[in-house]
Structure formats: structure tokens, C-alpha cells
Amino acid sequence: MNLLRSVRTVAEASGTGVVDWDRVGRAAKEGTDPGSLDLSPADRAGYASDVRDARDRLGSIGGISFAVPPTVEVQNRHHWIDANVETFRTVMAPVESHAAPAFPELSRIANTGTMSVLLAFLARNVLGQYDPLLLADEPDGDHGLYFVHPNVVRVADELDVSYPRFRRWIAFHEVAHAAEFGAAPWLPDYLESRMEDGVAAIAAGELDRDAFRELDAAMTAVEGYAELLMDRAFDDATDDLRRKLDARRSGGGPISRILRQLLGLGLKRRQYERGVAFFDHVADERGVAAAAAVWDEPTALPTDAEIDDPAAWIRRVNP
């Protein structure tokens, strides 16, 4: 890790765009310790076993059929940055195409620095990731399932929990997301359309409230359903893990809290809480398998109002 070199890389941002994405990735890696990827045979077998068990148990509990990506990647932080810088570039493309800064060179340096800091922050904190290839140039390619091994080991130690148990819990969480997208092949296109409409409106100086409301409701369903499957399928109670992880997320210094706000991590927490309450109600009333009806088609997704009134969703979709 070399912060001075990272700053120098940002200062050398060039090109015609409002962000120099090549230097975003380089600067993020220069400012981030990659972490150890020295996996023991037990580590490799553990990740494989955790993913395999999660697939089988989540499918059985949820009453759904899905496949996990053929390749599961155990990465260090630099690998994760390389895998995600293109995602950042793709998501920001509509905004960049409409941007016309008054001082393009200074703006490019500032934007490049901001994006590299955010990417580096995520690389130091992401534990696992299921990538459904949203907004990808080749959407029919293999989806991605990643584990950032140095972060999993570090956070397990910080929380004072068993590393194998914590690793397994993260695997169940990410495979639960794979289950959702496997059960709803239309979901990536739906999320993409809502994202594109919302971002395009912002780039044009407008606000498409409906697009963002529908996107928020869909992501709330994604977060809540994954937690439902995890809670019902995992080996044991996870209240201790969730409580410790929540306490860790709410802590940190002022810079960490600002970055979490910029990245919308507070919004994700709200989505999680609303989604869990919605699916717990549905599962208690109709069973876990009935909750999978949200993935039948886009119109089966709960509306923003139905998330807070799950009985209304049951009456409409699963009477």
C-alpha cells in the first residue's frame, strides 16, 4: 500500500471523460493492502463445501431450483477491485455522457480521486459478492460469486467469532442471492431498466421518482428474501453474528461513516430491515415456499406500500 503513489496516480488523471477509470483502479489498489491469499487446503475445501451445502439447503428450504456460478472465486482486495471497476464505469456511463464540467481537467482529477477512494473503501470491507452482471455488455455470461478472503478472516477475528462458522454464514448469504436470481431470470433486466431510467433522468437534470421507488422496492425484496432463506436454512441461530456485525457497521470513525452514507449503505440497511419484516410475515402466514411467489413475474414484486403491509401483498398475489 502506497498512499503517496495513489495520490500521484489520481493527479495524473487524463483523457476526455469526466473520470479516468484506468487510474481509478490503479489508485484504489495503490491505496489498499491486498491482504493475504495464502489459502490452506482446509480453507479451499471449506469454501467449496460451504457453497455446495448452501445451494442444497437453501433450495430445499425455499422450494426453488437454481444453479450457482460454475466458478467460485476466492479473492484478495486487489482482485475485487479489478472485478468491480468496470461495474462502476458502466453504472456511471449515462451520467458521464451528459456531464459538462466548467473545468474539465480539475473535475476529472476530483472525480477520479472520489471514485478510487470509494472503490478502495469497499474493497477493504466487502466480505462476499454475488454478481448478477447487471448492465454488463454480455449479460448472458457467467455470473460471479466472490469471497474476499482477507476481509472474511479479519472481520471474524474482530467480531471474536469462529472463522469457519463466519465464512459459512457469508457463503449462505451470497448463495441466497444466487437463488433469487436463479428463481427470477427476469430480475436482472428489471433492475437494469429501473436503474437506467433513474440514472438517465438524473443525467438530464430530472428525477424519476417512480423508477427509484420501484428499484428500492425490488432491492428490498432481494435483501429480505435472502435473509429469510438464510435464517431458515443455516446450521444454527445467527443472532449473535448479526448483532456483532450490525454493531461493527454502525461504528467506525467520521470518515468511515461519511463514506457509508455516500455509498448508500444506510439505505441498504433500511432495505434489509423492511424486507426481513415483510418476508417473516409472509412465511409465518403461508410458509417459506409461498414467499418465493415474489419471483414469479415483475408484477408479483411487492410495492413500496405492500412492503409495510404484507397482508395486502398476500391478498393480491397469493390469496
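It should be emphasised that the depicted structure is a prediction, and the values quoted were computed from it without experimental measurement.

K.L.:
Looking at this model, I keep getting lost on the overall build of the protein. Mind explaining?
P.N.:
Looking only at helices and strands, the protein features 15 helices and three strands. Counting across all 319 residues of the protein, residues that qualify as buried make up 48%. For the protein, long-range pairs separated by at least 24 residues make up 78% of all intrachain contacts whose partners lie at least 6 apart in sequence. Element-wise, carbon and sulfur atoms account for 53% of the exposed surface of the protein, whose accessible area totals about 15200 Å².

K.L.:
What is the right way to look at the sheet that holds strand β2 (residues 128-131) in this model?
P.N.:
Each strand in a sheet pairs with another by means of backbone hydrogen bonds, the pair being arranged parallel or else antiparallel. The mixed open sheet is built from three strands, whose spatial order is β1-β3-β2. In the strand order of this sheet, the two ends are held by β1 (72-75) and β2, each with one partner. Geometrically, the sheet is characterised by an average inter-axis angle of 20° between neighbouring strands, direction not taken into account. Sheet topology note: the β2/strand β3 (residues 144-148) ladder contains four bridges and is antiparallel. Residue pairing across strands places Y130 opposite L145, the latter belonging to β3. Strand contacts of helix α7 (residues 163-183): β2 and β3, with the helix running at about 10° to β2, the strand carrying the most contacts.

K.L.:
Honestly, the packing of aromatic side chains in this entry has me stumped. Any pointers?
P.N.:
The geometry of an aromatic ring pair is captured by the separation of the ring centres together with the interplanar angle, meaning the angle of the planes. Applying the stated criterion to the full structure yields nine aromatic pairs. Relative to F234, the ring of F172 lies with its centre 5.2 Å away and its plane at 90°, an arrangement referred to as edge-to-face. Residue F172 is found in helix α7, and its partner F234 is found in the loop between α9 (209-233) and α10 (239-250); the two are separated by 62 residues along the sequence. Under the relative-accessibility criterion, F172 is labelled buried at 0%. Judged by relative accessible area, which is 7%, F234 ranks as buried. Following the ring pairs from residue to residue traces out a cluster consisting of Y225, F278, F279, W295 and W313. Above the ring of Y47, the side-chain terminus of R167 is found at 5.6 Å from the ring centroid. Between R167 and the ring centre of Y163, over which it is positioned, the NZ or CZ distance is 5.2 Å.

K.L.:
Can you walk me through the environment of R8 in this structure?
P.N.:
Within the secondary structure, R8 is located in helix α1 (residues 3-11). For R8 and R23, which are 15 residues apart along the polypeptide, the C-alpha to C-alpha distance reads 10.0 Å.

K.L.:
What am I meant to see in the packing of α7 against α9 here?
P.N.:
In a pair of packed helices, the angle between the axes and the distance between the axes together describe the arrangement. For the pair α7 and α9, interaxial distance at closest approach is 9 Å and the crossing angle is 125°. Between α7 and α9, the angle falls in the class oblique. As for the relative orientation of α7 and α9, their crossing is right-handed in sense. Contacts between α7 and α9 involve W169, F172, H173, A176, H177, A179 and E180 from the first element and A221, V222, E223, Y225, A226, E227, L229, M230 and A233 from the second. Across the contact of α7 with α9, the residue classes tally to 11 nonpolar, two polar and three charged.

K.L.:
Any chance you could explain α7 here in plain terms?
P.N.:
Given 3.6 residues per turn, any residue in an α-helix points the same way as the ones three and four places further on. The end-to-end C-alpha distance of α7 is 30 Å, a good match for the 30 Å that 21 residues give at a rise of 1.5 Å each. Burial analysis of α7 places 17 of its 21 residues in the buried class, which makes it a mostly covered element.

K.L.:
Would you mind showing me how to read the nonpolar core here?
P.N.:
Most often, soluble globular proteins keep nonpolar side chains buried together rather than apart. Within the largest apolar cluster, 62 residues are counted, with the highest numbers of intra-cluster contacts made by L58, F166, Y225 and W295. When near neighbours in sequence (up to four residues on either side) are disregarded, L58 contacts F66, F172, V175, A176, L229, M230 and A233.

K.L.:
Hey, could you run me through the pattern of salt bridges in this one?
P.N.:
Oppositely charged side chains can pair when the atoms bearing their charge come close. Taken as a whole, this structure holds 25 salt bridges when the rule is applied. For D50, the salt bridge identified is with R167, shortest N-O distance 2.7 Å. In this pair, D50 is assigned in helix α3 (residues 41-62) and R167 in helix α7, connecting sequence segments 117 residues apart. Its relative accessible area of 3% is what places D50 among the buried residues. According to the relative accessible area criterion, R167 is buried, its value standing at 8%. D231 is paired through a salt bridge with R242; the nearest N and O atoms lie 3.3 Å apart. Placement of D231 in helix α9 and of R242 in helix α10 is noted, with a sequence separation of 11 residues between them. Each member of the salt-bridge network shares a partner with another, and the members are D50, D53, R57, R167, R168 and D235.

Reading the values: the criteria
- Residues numbered from 1 in each chain as written.
- Predicted model: local features only at pLDDT ≥ 70, side-chain atom pairs only at ≥ 80, totals over all residues.
- Heavy atoms only, no water.
- Helix = DSSP H or I, 4+ residues; strand = E, 2+ residues; numbered from the N terminus.
- Buried < 20%, exposed > 50% of the residue type's maximum accessible area, 1.4 Å probe, protein only.
- Contact = heavy atoms within 4.5 Å.
- Areas by Shrake-Rupley, 256 points an atom, 1.4 Å probe, with all protein chains shown as cover.
- Pairing = 2+ DSSP bridges.
- Axes fitted to C-alpha atoms, helices over the stretch in contact; angles between N-to-C directions.
- Phe/Tyr/Trp six-rings, centres within 6.5 Å; stacked < 30°, edge-to-face > 60°.
- Lys NZ or Arg CZ within 6 Å of the ring centre and 35° of its normal.
- Parallel < 35°, antiparallel > 145°, perpendicular 65-115°, else oblique.
- Left-handed = near helix turned anticlockwise from the far one by under 90°.
- Nonpolar A, V, L, I, M, F, W, Y, C, P; charged D, E, K, R; others polar.
- Expected span 1.5 Å × (residues − 1).
- Core = buried A, V, L, I, M, F, W, Y, C linked by side-chain atoms within 4.5 Å.
- Salt bridge = Lys/Arg side-chain N within 4 Å of Asp/Glu carboxyl O.

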